[in-house]
Amino acid sequence: MRIETDGRPATAAELFSTYGHFTALQVRGGGVQGLANHLERLDTAHRELFRRPLPGGRVRDLVRHALDGTADASVRVMLRDADRITVSVDAPRHLPAAPQRLRSVPYLRPFPHLKHLGGFAQLEWAQRVRLDGYDDALLTTPDGALAESSTANIGFLRADGIVVWPDAPQLHGTAMRLVEATTPSTRQVVRSGDVHAFAGGFLVNSIGVVAVASVNDVPLPDAGDLLAGVVERLAAVPWEPV
């Protein structure tokens, strides 16, 4: 992994704080899907946390510098204070091979509209459910409404092909926005007892789309062509050069 702050090797002190915000993106062939969504996310969060804008051109310059010609990578852009931009470059990440088995847990991320640093609790819940044989945790509200997984948005497919996003506190993910832009979508409260009525489900983040096999051991149908359509339309979104 390569980590730079403002275009130079990052120091340990610059990586210490867990306060701040970030975006995680996949680079393929030097391009990013939904790059504008990532830049908007960073700027909006920066204005909220640090009371100033974050120029997208500066972010792109620093990402290009950190990539140093690397065509395919996982990249994180992190802001721990108002001025310094840290960029990490690592090996590209890929989707899980199999549909995901999820278990709901009684937790919501604080300030869920922000992609903020310091996500211990959600990662610990994910670790605990994996020890029980599941693939990921599904975060839920105190009254049992489903929200999001530990690292992705969850969508459910109706028989007519419309995507239903849980109406609960969650991150409005950059890849979720691309699905909303390419497939008709709606929002409604969804509880674990409702999932059997859907034609299928999926998780989506910057890595891509993966089917959901079950929620709390309640199986979801194989969405087949419906999910394939979501994947195909998302794949057609251009990869914009950094």
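Higher on the page you've got the structure.
About the thresholds
- Residues numbered from 1 in each chain as written.
- Predicted model: local features only at pLDDT ≥ 70, side-chain atom pairs only at ≥ 80, totals over all residues.
- Heavy atoms only, no water.
- Core = buried A, V, L, I, M, F, W, Y, C linked by side-chain atoms within 4.5 Å.
- Buried < 20%, exposed > 50% of the residue type's maximum accessible area, 1.4 Å probe, protein only.
- Helix = DSSP H or I, 4+ residues; strand = E, 2+ residues; numbered from the N terminus.
- Contact = heavy atoms within 4.5 Å.
- Axes fitted to C-alpha atoms, helices over the stretch in contact; angles between N-to-C directions.
- Parallel < 35°, antiparallel > 145°, perpendicular 65-115°, else oblique.
- Nonpolar A, V, L, I, M, F, W, Y, C, P; charged D, E, K, R; others polar.
- Left-handed = near helix turned anticlockwise from the far one by under 90°.
- Phe/Tyr/Trp six-rings, centres within 6.5 Å; stacked < 30°, edge-to-face > 60°.
- Lys NZ or Arg CZ within 6 Å of the ring centre and 35° of its normal.
- 1 Å grid on protein atoms, 1.4 Å probe; cavity = no way out; pocket = protein on both sides within 12 Å on 5 of 7 lines; lining within 4 Å.
- Points joined across faces, edges and corners; volume = space filled by probe spheres on them.

Q: Can you lay out the nonpolar core for me, pointing to particular residues and giving the numbers?
A: Judged by nonpolar contacts, the single largest core of 25 residues is most densely connected at Val59, Val63, Leu67, Val75, Val77, Ile85 and Val87. Listed by contribution, the elements that provide at least two residues to this core are strand S3 (21-27), helix H1 (35-50), helix H2 (56-67), strand S5 (73-79) and strand S6 (86-90). It is H1 that provides the largest number of residues to this core, a total of six residues. Residues within four places of Val87 in sequence aside, it is in contact with Arg2, Ile3, Glu4, Leu62, Val63, Ala66, Val75, Arg76 and Val77.

Q: Give me the lowdown on the packing of helix H4 (residues 174-182) against helix H5 (residues 225-235), citing residues and values where you can.
A: At a minimum axis distance of 9 Å, the contact between H4 and H5 shows a crossing angle of 105°. The angle between H4 and H5 places the two elements in the roughly perpendicular class. In this structure, H4 uses Leu178, Val179 and Thr182 to contact H5, whose residues at the interface are Val230, Arg233 and Leu234. Classifying every residue of the contact of H4 with H5 gives four nonpolar, one polar and one charged.

Q: Let's hear about the packing of H1 against H2: which residues, and what values?
A: The N-to-C vectors of H1 and H2 enclose an angle of 115°; their axes lie 10 Å apart at closest approach. Here H2 runs roughly perpendicular to H1, going by the angle between their axes. Considering only the axes of H1 and H2, their crossing is right-handed. Across from Leu35, Leu39 and Leu42 in H1, the residues of H2 making contact are Gly56, Val59 and Arg60. Class assignment for the residues of the contact of H1 with H2 results in four nonpolar, one polar and one charged.

Q: Give a detailed account of the packing of aromatic side chains, specifying residues and quantitative values.
A: One pass over the full model with this rule turns up three aromatic pairs. Relative to Phe50, the ring of Tyr19 has its centre 5.9 Å away and its plane inclined at 80°; by these criteria the two rings are edge-to-face. With Tyr19 in the loop between strand S2 (8-9) and S3 and Phe50 in helix H1, this residue pair connects regions lying 31 residues apart in the sequence. The exposure class of Phe50 is buried, given its relative accessible area of 16%. Consider the rings of Phe156 and Phe198, whose centres lie 5.0 Å apart with planes at 20°: the pair is stacked. Remark: Phe198 occurs in the loop between strand S12 (185-188) and strand S13 (200-205) and Phe156 occurs in strand S10 (residues 153-157); sequence separation between them is 42 residues. Taking the relative accessible area as the measure of exposure, Phe156 reaches 0% and is therefore buried. The buried category is assigned to Phe198, whose relative accessible area is 9%. Sitting over the ring of Tyr134, Arg101 keeps its end group 4.7 Å from the ring centre.

Q: If you had to explain the layout of surface pockets to someone new, which residues and values would you point to?
A: Quantified by volume, the largest pocket comes out at close to 820 Å³. What lines the largest pocket is a set of 40 residues, and nearest its centre among them are Phe22, Ala24, Arg76, Lys115 and Thr151. When residues of the lining of the largest pocket are traced back to their parent elements, those giving at least two are S3, H1, S5, S6, helix H3 (120-131), strand S9 (146-149), H4 and S13. Of the residues assigned to the lining of the largest pocket, the class counts are 14 nonpolar, 18 polar and eight charged.

Q: Requested: an account of empty space enclosed by the protein, with residues and values cited.
A: Applying the stated rule across the entire model yields two cavities of 30 Å³ or more. A volume near 60 Å³ is recorded for the largest cavity. Lining the largest cavity, in full, are Thr23, Leu25, Val32, Leu35, His38, Leu39, Leu42, Val59, Arg60, Val63, Val77 and Val242. The leading source of residues in the lining of the largest cavity is H1, at four residues. By residue class, the composition of the lining of the largest cavity is nine nonpolar, two polar and one charged. The volume enclosed by the second largest cavity comes to roughly 50 Å³. If you go around the second largest cavity, the residues you meet are Thr5, Glu14, Met78, Leu79, Arg80, Asp81, Arg84 and Thr86. Grouping the constituent residues of the lining of the second largest cavity by class yields two nonpolar, two polar and four charged.

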